[in-house]
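# Report on the structure
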Amino acid sequence: MKMRTLRIIAVLVMGSLFVTCSQSESNGELPVGTGTDGQINPIDVAQMEIELLNLINEHRDQLGKSMLLSMPSVEKYAEDHNTYMISQNRLSHDNFNSRAASISNETSASEVAENVARFYGTAEKALEGWLDSSDHKGTLEGSYSHTALKVSLDASGKPYFTQIFLTLK
């Protein structure tokens, strides 16, 4: 009798775990690294960066905005900020003023802005997330000419995104 009760409890606990997992994914987003075929794939950060920048430039083109030109010399700032956010396990714009001042001094930028995100498993989802936020959308659609975009993975393979926007003098 006691053993049967323990089995029933174990079955109920296992059943609730399956229900909880399926409910947490019911928001329409694929889990990080899930391909269209449903298979879990590791994220290729270089490919995701290319795809995301292409999607951003397509969006800007549809609005009649100029394409953002990649500025590799600024990528180190985006990557360093991803590393910082990963170490804090949170999104932030911490130290932005210092980062922006360094970027301005190094590039002669008259204006610097940034967008950050995390845990989006595809470039499309990252762009959607930024477009769903009025502040991020405003930055993404702003009158900037150059950008540096980096994606970095935390220890569990979840991506963090930092995109820096610049207007050069």
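Above: the structure in question.
Residues numbered from 1 in each chain as written. Predicted model: local features only at pLDDT ≥ 70, side-chain atom pairs only at ≥ 80, totals over all residues. Heavy atoms only, no water.

Tracing the backbone shows Gln 163 in strand β4 (residues 159–168). On the basis of relative accessible area, Gln 163 is assigned to the buried category, the value being 0%. Looking at Gln 163, its side chain comes within polar contact range of the side chain of Thr 147, at 2.9 Å. Excluding its chain neighbours within four sequence positions, the residues that come into contact with Gln 163 are Leu 53, Ile 56, Leu 68, Ala 113, Glu 114, Asn 115, Trp 130, Leu 140, Thr 147, Ala 148 and Leu 149. (Helix = DSSP H or I, 4+ residues; strand = E, 2+ residues; numbered from the N terminus. Buried < 20%, exposed > 50% of the residue type's maximum accessible area, 1.4 Å probe, protein only. Polar contact = N/O pair within 3.5 Å; in protein donor to acceptor, adjacent residues only side chain to side chain. Contact = heavy atoms within 4.5 Å.)

Taken in spatial order, the four strands line up as β1-β3-β4-β2 in an open sheet, and their pairing is mixed. For this open sheet the edge positions go to β1 (69–70) and β2 (109–118), each flanked by a neighbour on one side alone. Examined bridge by bridge, β1 and strand β3 (residues 146–153) share two bridges and lie parallel to one another. Each residue of the ladder has a partner; that of Ser 70, found in β3, is Thr 147. (Pairing = 2+ DSSP bridges.)

For the rest of this paragraph, the subject is the pattern of salt bridges. Going through the model one piece at a time under the given rule, you end up with five salt bridges. Among the salt bridges present, the one from Lys 150 reaches Glu 49, with a minimum N-O distance of 3.6 Å. Placement of Lys 150 in strand β3 and of Glu 49 in helix α2 (residues 45–62) is noted, with a sequence separation of 101 residues between them. As far as the burial class goes, Lys 150 and Glu 49 line up, both buried. With a closest N to O distance of 3.7 Å, Lys 125 and Glu 128 form a salt bridge. Residue Lys 125 and its partner Glu 128 are both found in helix α5 (residues 123–131); the two are separated by three residues, about one turn of the helix. (Salt bridge = Lys/Arg side-chain N within 4 Å of Asp/Glu carboxyl O.)

This part covers the packing of aromatic side chains. Evaluation of the coordinates by the stated rule reveals four aromatic pairs. The cationic tip of Lys 158 hangs over the ring face of Phe 119; the distance from NZ or CZ to the ring centre is 5.1 Å. (Phe/Tyr/Trp six-rings, centres within 6.5 Å; stacked < 30°, edge-to-face > 60°. Lys NZ or Arg CZ within 6 Å of the ring centre and 35° of its normal.)

Before going further, it helps to examine the pairing of β2. By the criterion of burial, β2 is predominantly enclosed, with seven of the ten residues buried. Direction of pairing for β2 relative to β4: antiparallel, over a ladder of nine bridges. Across the sheet, residue Val 116 finds its bridge partner in β4, namely Thr 162.

Let's shift gears to the packing of helix α3 (residues 75–88) against helix α4 (residues 96–107). Contact geometry for α3 and α4: axes closest at 10 Å, N-to-C directions at 165 degrees. By the angle class used here, α3 and α4 are roughly antiparallel. Where α3 crosses over α4, the handedness of that crossing is right-handed. Here Lys 76, Tyr 77 and His 81 of α3 lie close against α4, whose contacting residues are Arg 99, Ser 102, Ile 103 and Glu 106. Within the contact of α3 with α4, the residues separate by chemical class into two nonpolar, two polar and three charged. (Axes fitted to C-alpha atoms, helices over the stretch in contact; angles between N-to-C directions. Parallel < 35°, antiparallel > 145°, perpendicular 65-115°, else oblique. Left-handed = near helix turned anticlockwise from the far one by under 90°. Nonpolar A, V, L, I, M, F, W, Y, C, P; charged D, E, K, R; others polar.)

In this section: unusual backbone geometry. Of note in the backbone geometry, Ser 108 takes a positive phi value of approximately 65 degrees without being a glycine. Within the fold, Ser 108 resides in the loop between α4 and β2. Note on Ser 108: relative accessible area 40%, which makes it partly exposed. In this structure, Phe 119 is a non-glycine residue whose phi angle is positive, near 70 degrees. Structurally, Phe 119 is set in the loop between β2 and α5.

This is a description of form; function is not addressed.
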